[in-house]
Amino acid sequence: MKHLFLCMLGPVQDFIATARRSRDLWYGSWMLSELSKAAAKAIADRYELGSLVFPAPRAIASLEPGSDLNVPNKIVAIVEGDPDEIGANVENAVRKRLESLRENALGKVRGQFDRGLAIRQMDDLVEYYWVGVPVEDGRYGHARDLAEWLMAARKGTRDFQQFGGKPVPKSSLDGIRESVIPEDAYPAAGDPPDVRVEKQRDLYLKYGARRGERLSGVDLIKRNGQRGDREEPDFRSTSHMAAIPFLEMVDRVRGAGEGDSLLKEVYEALRESGMEPHGEDGDGALLFESRLREWAPDDETLKQARSQWNGLIQRYAGDARPQPYYALLRADGDNMGKTIDSLEEEREHRKLSQELSEFAAEVKKLVKRHRGVLIYSGGDDILAYLPLHTVLACARELAQGFDSRMSKFSYEAGKHPTLSVGIVVAHHLYPLSEVLEMSRDAERAAKFLPGKNGLAIILSKRSGVDRTIAGRSEDLHRRLQEMIALVRKEAISKKAAYELRELDRVLGRDGTLQGALKAEAMRIVGRRREPGGAVQISQEVKDKFSRWLDGVVDTPRPVAEVSQELIVAITFAEALDMAEGRLQIGRR
């Protein structure tokens, strides 16, 4: 008898999100994809490739370890035979692949560590669930609905045993698992400066740990595991992502390759001064003065290094300094559940799977073209980080590409899945775990819009409150691009955004004075522009503001919404100005 076999691997969000570095994020996601790929291959090997419904690769080679195919943690297949047998085979394949990845990573750890504890932590990591449902009378849709219901019930049954740990410090990443690195490997307060420098260096070289970072066995795998081919992303820090517009400015103004030369000279100067910026060779983190302290063994070394650092930055960029913000983008398909529920035949579901896989392959190239780094792309589920001056263009192309692929499927007459995108603009030193949480908030704000196809942006600066803007993707993109263009031409006053915000704070809260509020808003916008105030705001600009105030729908406070959008647009405009060299060297 035919059965619909559905299996899932976990944990997903918790495992991926326990990260202090972007590489932790990427490896966690990649490892889960490799385990899911092993599960899918076990089914294909036993029942042929055509038995797979989700994913539905076109060639068995796509399921080989290390292939480019990104496989979600949920597998659907139609199999002939005993579900118990395939369930056990799949689990064996997943455990075998996990062991292979574990040995690869732990084999690269050069220092002493509690190997037994690390292995037990890894063995306890993966959760595996499966259900099998008979496909009676060819009713695929009915079998899938039943399988989903059973899976939800199965996942609600917790039968995993908790592992008893040891009385040692907890992991700096998840705060739950025990550190497996001996405590005497860390710099201590009583250590001489040269010993602290040596221990700091050894922590990075032997374990991939920063000063003070306690790592569990699972963390060691994230830090030391490798994909093992040329496709492994070159993971730079969030500081580097923030510094990219600055490096492009140096290249544009001084000549191609000058940004790399600056990084090389700074790195060598810091090492000569007695610092150990391990892992930062060629990384934009070297361009932020605030990072120097974490590499300095004492105040005297810091003082000397800071002097050399200032001299180099001044020589290459005058008074200009990198902006401290980067973007984390998270996207998710809208109405995918409804679309899958509308598919009555497995061949339709298989076709949808193939379109999502092909879109996921395009996402990787698209993000790279915009100088970003893709953390994961499971088809309708995307996470990437990008520099500020490219993230809006990337978000728009992602939404358009997804729309083109999904226009072949519908969940209601005339309606097909779309992509909602959430973006967080965050400080490069802000904890990654909190930026991830904000990206989920941004994604929820985008998907909360009626009909979806949304875009939401959270601007989170270290001072002041977070600002959230949201709207239909095309409408918000158009307004932001118009605002950015006007800001860059200095055709409107940056102060106008804050005056509009204050106007709304005083008069706009009860929503009863919107007519007067708009008139006052237009008066504020119509003031002379800065700097200098010599030129009047043009009628064209006034007309745009009027359209923006009228065009922000689904909000009782359009002045507040437009002021927030303008403040966000100013941040993107400044990043574009820097990347294109309009913030000239010699000017902060």
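Definitions and limits used
- Residues numbered from 1 in each chain as written.
- Predicted model: local features only at pLDDT ≥ 70, side-chain atom pairs only at ≥ 80, totals over all residues.
- Heavy atoms only, no water.
- Helix = DSSP H or I, 4+ residues; strand = E, 2+ residues; numbered from the N terminus.
- Expected span 1.5 Å × (residues − 1).
- Phe/Tyr/Trp six-rings, centres within 6.5 Å; stacked < 30°, edge-to-face > 60°.
- Buried < 20%, exposed > 50% of the residue type's maximum accessible area, 1.4 Å probe, protein only.
- Lys NZ or Arg CZ within 6 Å of the ring centre and 35° of its normal.
- Pairing = 2+ DSSP bridges.
- Axes fitted to C-alpha atoms, helices over the stretch in contact; angles between N-to-C directions.
- Contact = heavy atoms within 4.5 Å.
- Core = buried A, V, L, I, M, F, W, Y, C linked by side-chain atoms within 4.5 Å.
- Salt bridge = Lys/Arg side-chain N within 4 Å of Asp/Glu carboxyl O.

A closer look at helix α19 (residues 558–579)
Move 1: Here α19 spans 31 Å end to end across 22 residues, near enough to the 32 Å set by a 1.5 Å rise per residue.
Move 2: At the exit of α19 stands glycine 581, carrying a positive phi of roughly 80°.

Digging into the packing of aromatic side chains
Move 1: Under the definition given, this model contains seven aromatic pairs.
Move 2: Aromatic side chains tryptophan 26 and tyrosine 27 sit 5.9 Å apart centroid to centroid with 70° between the ring planes, which places their arrangement in the edge-to-face category. The same class applies to tryptophan 26 and to tyrosine 27, which are both buried.
Move 3: Seen in terms of ring centroids, phenylalanine 359 and phenylalanine 402 are 5.3 Å apart; in terms of plane orientation they differ by 70°. Their pairing is edge-to-face. Here the residue phenylalanine 359 occupies a position in helix α12 (residues 346–369), and phenylalanine 402 occupies one in helix α13 (residues 388–406), the gap between them amounting to 43 residues.
Move 4: Classification of phenylalanine 359 as buried rests on a relative accessible area of 3%.
Move 5: Put simply, the rings of Trp26, Tyr27 and Trp30 pair up and form one aromatic cluster.
Move 6: The residue whose ring lies beneath arginine 46 is tyrosine 47, and the NZ or CZ to ring-centre distance is 4.7 Å.
Move 7: Sitting over the ring of tyrosine 186, arginine 214 keeps its end group 3.8 Å from the ring centre.

Quick notes on the sheet that holds strand β1 (residues 2–10)
Move 1: Strands sit in the order β2-β3-β1-β4 across an open sheet of four strands; the sheet is antiparallel. In this open sheet, the two strands that pair with only one neighbour each are β2 (52–54) and β4 (127–134). Adjacent strand axes in the sheet meet at a mean angle of 20° when their direction is disregarded.
Move 2: Inspection of the sheet shows β2 paired to strand β3 (residues 74–80) by two bridges, in the antiparallel sense. Opposite leucine 52, over in β3, you have alanine 77 as the bridge partner.
Move 3: Along the sheet, helix α2 (residues 22–47) contacts β1, β2 and β3; its crossing angle with β3, the most-contacted strand, is approximately 10°.
Move 4: Across the sheet, α12 is in contact with β2 and β3; its angle to β2 comes to roughly 60°.

Topic: the nonpolar core
A general trend in soluble globular proteins is that nonpolar side chains are found buried together.
Move 1: One finds Met31, Ile43, Val90, Ile181, Tyr207, Leu220 and Phe246 to be the most contacted residues of the largest nonpolar core, which totals 101 residues.
Move 2: Of all the elements, α2 adds the most residues to this core, at 13 residues.
Move 3: Non-local contacts of leucine 220, meaning those with residues more than four positions away in its chain, are made with Leu106, Val109, Phe113, Val180, Ile181, Tyr207, Leu215 and Gly225.
Move 4: With 80 residues, the next largest nonpolar core counts Ala143, Leu419, Val425 and Ala569 among its residues.

Let's talk about the pattern of salt bridges
Move 1: Per the counting criterion, the structure on display carries 49 salt bridges.
Move 2: Close ionic contact of glutamate 64 with lysine 41 constitutes a salt bridge, the shortest N to O distance being 3.9 Å. Of this pair, glutamate 64 sits in the loop between β2 and β3 while lysine 41 sits in helix α2, and the two are 23 residues apart along the sequence.
Move 3: Residue class for glutamate 64 comes out partly exposed when judged on its relative accessible area of 34%.
Move 4: Judged by relative accessible area, which is 19%, lysine 41 ranks as buried.
Move 5: Arginine 396 is paired through a salt bridge with glutamate 474; the nearest N and O atoms lie 2.9 Å apart. One end of the pair, arginine 396, is in helix α13; the other, glutamate 474, is in helix α15 (residues 473–488), with 78 residues separating them in the sequence.

Geometry only, nothing functional implied.
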